[in-house]
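# Coordinates in review
Each chain, letter by letter, is given below.
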Amino acid sequence: MTAASPLTMTQAIETRRSIRQFVQEPLDQGDLREILRLASLAPSAWNAQTWRFVVVQDPALRAELQAAAYGQTQVTSAPAVIVVYSDMEDTLRDVEATAHPGMGEQGQQKQRATFEQAFGGQDVAQRGAWGLAQANIAFGFVMLAARGLGYDTVPMLGFDPDKVRALLNLPEHVQFAGLLPLGRRAEEGHPHHRHSLDRLVTWK
Ligand SMILES: Cc1cc2nc3c(=O)[nH]c(=O)nc-3n(C[C@H](O)[C@H](O)[C@H](O)COP(=O)(O)O)c2cc1C
């Protein structure tokens, strides 16, 4: 399956499951780009788009990431690992760029004022947590966009963030939504096991 025959959103959600063993083949780079393009369409508060991606395909670097992820083998089984992180400081640096062009220069000034008012009094960690909440939305979008194009993933938070920052040369303030090994499934994974809606939903 390629970008030419995407799954419906319902099929993508139903068939996504965590996959930890992948077919050993290089990824179609066009599909990879398309997955990231689709993920970048995720919504965020004030359109802040705090998410950033590192695509790791180099086998030696994947081996080092695996070591930082307590040896979890899916990191080297997958032909690519997408690292999804939030960089709120980078977001703030040129926040004008996130104002809709239709709003003109005034919109850009308003966007700067909004962010200064909301985050100027917060420390880096506080506003970093807000940024991470936005990046987590994109993290979900990557998984579903990948599945929609016939690929599989496993979301991961089981790693040492300091080690991953050091390996990828990322500044200390960035926060991780997670690692996402990505490829084509070489195992079936586990069927969904979820709470019933009765357990989750209150209808008013
Ligand atoms: C934020 C997050 C972190 C996770 N971290 C890991 C991890 O470090 N290693 C792993 O094998 N699975 C990890 N998982 C996968 C979960 O175990 C899995 O999503 C869950 O059991 C549901 O199964 P499913 O994804 O197949 O539906 C993580 C999932 C999420 C959403």
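Residues numbered from 1 in each chain as written. Predicted model: local features only at pLDDT ≥ 70, side-chain atom pairs only at ≥ 80, totals over all residues. Heavy atoms only, no water.

Time to look at the overall build of the chain. Along the chain, the regular secondary structure elements total nine helices and four strands. Each of the three principal axes of the chain carries a C-alpha extent, and together these read 50 × 45 × 35 Å. Classification of the 204 residues of the chain by burial places 40% in the buried group. Taking as baseline every contact in the chain between residues at least 6 positions apart, the subset at least 24 positions apart corresponds to 80%. Across the chain, 19 positive and 22 negative side-chain charges occur, with their mean positions spaced 6 Å apart. (Helix = DSSP H or I, 4+ residues; strand = E, 2+ residues; numbered from the N terminus. Buried < 20%, exposed > 50% of the residue type's maximum accessible area, 1.4 Å probe, protein only. Contact = heavy atoms within 4.5 Å. Lys, Arg positive; Asp, Glu negative; His and termini not counted. Charge placed at Lys NZ, Arg CZ, Asp CG, Glu CD.)

Attention now goes to the nonpolar core. Across soluble globular proteins, nonpolar side chains have a tendency to be buried as a group. Counting 23 residues, the largest nonpolar core has Ile35, Ile82, Val142, Tyr151 and Leu182 as its most contacted members. For this core, the secondary structure elements donating two or more residues are helix H2 (29-39), strand S2 (80-86), helix H7 (124-148) and strand S4 (175-183). In terms of residues, this core owes the most to one element, H7, which gives eight residues. Excluding residues that lie within four positions of it along the chain, Ile35 makes contacts with Val142, Ala145, Ala146, Leu149, Tyr151 and Leu182. Counting 17 residues, the second-largest nonpolar core is a separate cluster that includes Tyr85, Leu170, Phe176 and Leu179. (Core = buried A, V, L, I, M, F, W, Y, C linked by side-chain atoms within 4.5 Å.)

Buried residues dominate S2, accounting for seven of its seven residues. Judged from the six bridges that link them, strand S1 (residues 51-56) and S2 form a sheet pairing that is antiparallel. Counted as the bridge partner of Val56 is Val81 from S2. (Pairing = 2+ DSSP bridges.)

Okay, the pattern of salt bridges next. Under the defined criterion, the tally for this structure stands at eleven salt bridges. Across the salt bridge formed by Glu116 and Arg112, the nearest N and O atoms sit 4.0 Å from each other. Highlighted residues: Glu116 and Arg112, both in helix H6 (residues 104-119), separated by four residues, approximately one helical turn. By relative accessible area, Glu116 is classed as partly exposed at 49%. A salt bridge links Arg185 to Asp152, with the shortest nitrogen-to-oxygen separation between them at 2.8 Å. Highlighted residues: Arg185 in the loop between S4 and helix H9 (197-200) and Asp152 in strand S3 (residues 152-153), separated in sequence by 33 residues. Connected through salt bridges with shared partners, the residues Arg147, Asp152, Arg185 and Glu188 form a single ionic network. (Salt bridge = Lys/Arg side-chain N within 4 Å of Asp/Glu carboxyl O.)

This next bit is on the sheet that holds S4. With antiparallel pairing, the four strands of this open sheet are ordered in space as S1-S2-S4-S3. Single-partner strands in this sheet number two, and they are S1 and S3. Sheet topology note: the S2/S4 ladder contains seven bridges and is antiparallel. Across the sheet, the residue bridging to Val84 is Gly178, located in S4. Along the sheet face, H2 touches S1, S2 and S4 and points at about 165° away from the line of S1. (Axes fitted to C-alpha atoms, helices over the stretch in contact; angles between N-to-C directions.)

Let us now look at the UniProt feature "domain: Nitroreductase" (unreviewed entry) in the chain. What UniProt calls "domain: Nitroreductase" (unreviewed entry) maps, in this numbering, to residues 13-183. Along residues 13-183 one finds 49% helix and 14% strand; the C-alpha atoms at either end are 17 Å apart. (UniProt positions renumbered as here; feature names shortened; annotations may be inferred.)

Within S4, eight of the nine residues are buried, leaving the element largely enclosed by the surrounding structure. Here S3 runs beside S4; their pairing, made up of two bridges, is antiparallel. When the sheet's bridge partners are listed, Thr153 is paired in S4 with Leu182.

Here we come to the site of the ligand. Near the ligand, the surroundings consist of 13 residues, among which Ser18, Arg20, Gln72, Gly158 and Arg194 are the closest. For the ligand, an oxygen atom lies 2.9 Å from a polar atom in the side chain of Arg16. In this structure, Gln74 approaches the ligand through a side-chain N or O atom, which is 3.2 Å from an oxygen atom. Across the complex, the protein chains shield 63% of the 620 Å² of accessible surface that the ligand would expose by itself. Looking at side-chain class alone, the shell around the ligand contains four nonpolar, five polar and four charged residues. (Near = heavy atom within 4 Å. Polar contact = N/O pair within 3.5 Å; in protein donor to acceptor, adjacent residues only side chain to side chain. Areas by Shrake-Rupley, 256 points an atom, 1.4 Å probe, with all protein chains shown as cover. Nonpolar A, V, L, I, M, F, W, Y, C, P; charged D, E, K, R; others polar.)

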